[in-house]
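So the chains spell out like this:
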Amino acid sequence: MKHITCIEDLRQLHKRKVPKAFFDYADRGSYTEDTLRANVSDLQDIKFRQRILVDVSKRDTSTTILGEPAKLPLILAPVGLTGMQHGDGEILACRAAQAAGIPYTLSTMSICSIEDVAANVDKPFWFQLYVMKDRGFIKALIERAIAAKCSALVLTVDLQVIGQRHQDIKNGMAVPPEWTLSKFVDFATKPAWVSGVLRGKRRTFGNIAGHIKGMEGVTELGRWIQEQFDTTLNWNDIAWIRSIWPGKLILKGILDVEDAQQAAKSGAEALVVSNHGGRQLDGAQSSIALLPEIAEAVSTEMEIMFDGGIRSGQDVVRALAMGAQSCMIGRAYIHGLGAGGEAGVAKAIDIIANEMKVTMGLCGVNTVAEIDERVLTL
Ligand SMILES: Cc1cc2nc3c(=O)[nH]c(=O)nc-3n(C[C@H](O)[C@H](O)[C@H](O)COP(=O)(O)O)c2cc1C
């Protein structure tokens with residue numbers, strides 16, 4: 001990975017190494033992809049204030065996230081089907097995060113199960129929950145996360161209805177992958193992916209398969225998942241989850257000040273300002289456009305996390321300057337995973353860490369706590 005210098009290089013390698021259906025699943029967004037593009041471009045429009053002749057010899061990117069020490073203000077976001085980008089993808093990404101001293105979040109829609117990841121990594125990780133209609137299953141899932149010693153529950157609240165990604169339909173995206181002729185040709189040019197994913201033992205939704213009676217077959221399972229997203233979900237359900245989950249609770253997918261104020265009263269310790277990486281409400285504003293007002297409204301009551309569009313360490317510094325205390329990355333590490341497994345995720349984190357350090361230096365700050373609007377030219 002000597003010549004990989006930025007996240008875009010990892011993205012190009014990911015594109016070459018992973019079948020089109022799975023690369024596009026990660027890379028693309030919903031409908032016109034307006035919000036997906038805005039996430040990235042609005043971050044890039046934020047300009048830094050260069051400062052000179054400040055002693056920046058003691059730069060330190062470390063911080064605390066929900067009271068725990070972290071080497072960077074960075075978290076690996078929950079990403080469904082990570083194990084389809086690389087065999088055992090969830091385990092590898094979690095290991096890379098733990099080696100780098102940052103939290104990893106396992107998605108409900110993962111390929112490797114909670115138990116599988118817990119058995120193969122050294123430290124606790126975070127678990128992301130989608131609340132489904134089958135509340136018995138959800139209660140059992142939370143109990144499994146407790147038994148696996150997950151250190152935070154990330155409750156995703158922006159997926160009651162599902163935004164359509166046109167490209168997934170065009171590509172016939174399916175889990176496990178279907179062997180159509182065009183896919184066969186695609187797979188034939190990606191031998192490393194085939195030996196990791198297609199020949200691996202983990203090829204379905206690990207947290208769900210085998211845990212619902214009558215859902216042993218993949219077709220039934222797919223149908224069950226589609227039908228299970230619950231349009232009735234509301235704040236009372238958050239209270240129910242709060243009553244079962246004893247640990248730290250994070251509400252992910254908040255994009256509105258009134259919702260943030262309600263979240264602050266819900267008993268959750270943190271929220272994530274997020275539009276699901278431009279995969280849900282197309283036409284919504286970028287996450288970064290809404291971050292300052294949400295931070296202003298509730299940052300004294302809860303921790304403010306941010307995601308959407310982060311492709312560099314500069315972007316992390318921008319988000320911190322606009323009011324976030326830490327940032328989640330989705331695609332940036334998934335590109336690393338697709339490009340090179342665990343080493344690729346480590347590379348993605350390392351690129352961001354180094355870019356952060358240089359940006360901090362050129363803005364004249366030494367610590368994460370010093371990063372505020374003064375590093376920007378607003
Ligand atoms: C391929 C993919 C799958 C995702 N799956 C989930 C998921 O299962 N649960 C969830 O809460 N968010 C999911 N997200 C959203 C991410 O957690 C995160 O909000 C988003 O990726 C941030 O934007 P970024 O990719 O620009 O960093 C997914 C994102 C991507 C790209």
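Residues numbered from 1 in each chain as written. Predicted model: local features only at pLDDT ≥ 70, side-chain atom pairs only at ≥ 80, totals over all residues. Heavy atoms only, no water.

Q: What am I meant to see in the site of the ligand here?
A: What surrounds the ligand is a group of 22 residues, the closest being P78, S107, T156, D307 and G309. A distance of 3.0 Å is found between a nitrogen atom of the ligand and a side-chain nitrogen or oxygen belonging to K252. Its free accessible area being 600 Å², the ligand has 98% of it covered by the protein chains. When grouped by side-chain class, the residues that make up the shell around the ligand number 7 nonpolar, 10 polar and 5 charged. (Near = heavy atom within 4 Å. Polar contact = N/O pair within 3.5 Å; in protein donor to acceptor, adjacent residues only side chain to side chain. Areas by Shrake-Rupley, 256 points an atom, 1.4 Å probe, with all protein chains shown as cover. Nonpolar A, V, L, I, M, F, W, Y, C, P; charged D, E, K, R; others polar.)

Q: Help me understand the packing of helix α1 (residues 7–17) against helix α15 (residues 331–363), please; the structure alone is not making it clear to me.
A: Angle between the axes and distance between the axes: these two values describe a pair of packed helices. Where α1 contacts α15, the two axes come as close as 10 Å, and the packing angle between them is 175°. Comparing the axis directions of α1 and α15 gives the class roughly antiparallel. Contact residues: I7, L10, R11, L13, H14 and K17 in α1; A332, I334, H335, G336, G338, A339, G344, K347, A348, I351 and I352 in α15. Here the residues of the contact of α1 with α15 sort into 9 nonpolar, 5 polar and 3 charged. (Axes fitted to C-alpha atoms, helices over the stretch in contact; angles between N-to-C directions. Helix = DSSP H or I, 4+ residues; strand = E, 2+ residues; numbered from the N terminus. Parallel < 35°, antiparallel > 145°, perpendicular 65-115°, else oblique. Contact = heavy atoms within 4.5 Å.)

Q: Even after reading the chapter, I still don't get helix α2 (residues 20–27), so can you show me in this structure?
A: Because each turn of an α-helix spans 3.6 residues, side chains separated by three or four positions in sequence point in the same direction. The element α2 is extensively covered by neighbouring structure, given that 7 of its 8 residues are classed as buried. Where α2 is concerned, the buried positions are A21, F22, F23, D24, Y25, A26 and D27. Buried-residue contacts for α2 involve α1, α3 (34–44), α7 (166–171), α8 (181–188), α9 (191–198) and α15. (Buried < 20%, exposed > 50% of the residue type's maximum accessible area, 1.4 Å probe, protein only.)

Q: Whenever I open this one, the packing of aromatic side chains confuses me. Can you help?
A: The description of an aromatic ring pair rests on the distance of the ring centres and on the angle between the ring planes. Going through the model one piece at a time under the given rule, you end up with 3 aromatic pairs. Their ring planes at 75° and their centres at 5.5 Å tell us that Y130 and F229 sit as a pair that is edge-to-face. One end of the pair, Y130, is in the loop between β5 (126–129) and α6 (135–147); the other, F229, is in the loop between α10 (218–228) and α11 (235–244), and 99 residues separate them in sequence. The residues Y130 and F229 share a single accessibility class, namely buried. One aromatic cluster is present, built from ring pairs that chain together F22, F187 and W193. (Phe/Tyr/Trp six-rings, centres within 6.5 Å; stacked < 30°, edge-to-face > 60°.)

Q: Can you walk me through unusual backbone geometry in this structure?
A: Excluding glycine, residues mostly have negative phi values, and the peptide bonds linking residues are mostly trans. The backbone phi angle of L53 is positive, close to 55°, even though this residue is not glycine. Relative to the elements of secondary structure, L53 occurs in the loop between α3 and β1 (63–65). The class for L53 is exposed, based on a relative accessible area of 88%. Even without a glycine there, the phi angle at L66 is positive, about 50°.

Q: Explain the nonpolar core here, please?
A: Soluble globular proteins tend to pack their nonpolar side chains together in the buried interior. Ranked by size, the top nonpolar core spans 114 residues in total, and within it L76, L129, L271 and F306 carry the most contacts. For this core, the element with the highest residue contribution is α15, accounting for 14 residues. Core analysis: the second largest hydrophobic core is formed by 13 residues, A70, A77, A270 and M305 among them. (Core = buried A, V, L, I, M, F, W, Y, C linked by side-chain atoms within 4.5 Å.)

Q: Would you mind showing me how to read the sheet that holds strand β7 (residues 248–254) here?
A: Taken together, the 8 strands give an open sheet; going across it, the order is β3-β10-β9-β8-β7-β6-β5-β4, and neighbouring strands pair in parallel fashion. Since the sheet does not close on itself, it has two edges, and those belong to β3 (74–76) and β4 (105–106), each with one partner. Taken together, the 2 bridges between strand β9 (residues 303–306) and strand β10 (residues 326–329) define a ladder with parallel strand orientation. The partner of F306 across the bridge, within β10, is C327. Against the sheet, helix α12 (residues 257–264) touches β7 and β8 (270–273), its axis set at about 170° to β7. Running over the sheet, helix α14 (residues 313–321) touches β3, β9 and β10 and is turned about 140° from β10. (Pairing = 2+ DSSP bridges.)

Q: Teacher, can you tell me more about α8 here?
A: Taken residue by residue, α8 has K183, D186 and F187 as its buried positions. Taken around the axis of α8, the buried residues stretch over an arc of 100°, which confines them to a single face. Exposed and oriented more than 90 degrees from the buried face of α8 are L181, S182 and A188. (Arc of directions from axis to C-beta.)

Q: Even after reading the chapter, I still don't get the environment of I212, so can you show me in this structure?
A: Tracing the backbone through its elements, the reader meets I212 in the loop between α9 and α10. A residue is classified by how much of its surface remains accessible, and I212, at 9% relative accessible area, is buried. Between the C-alpha atoms of I212 and Y31, which are 181 residues apart in sequence, the distance is 32 Å.

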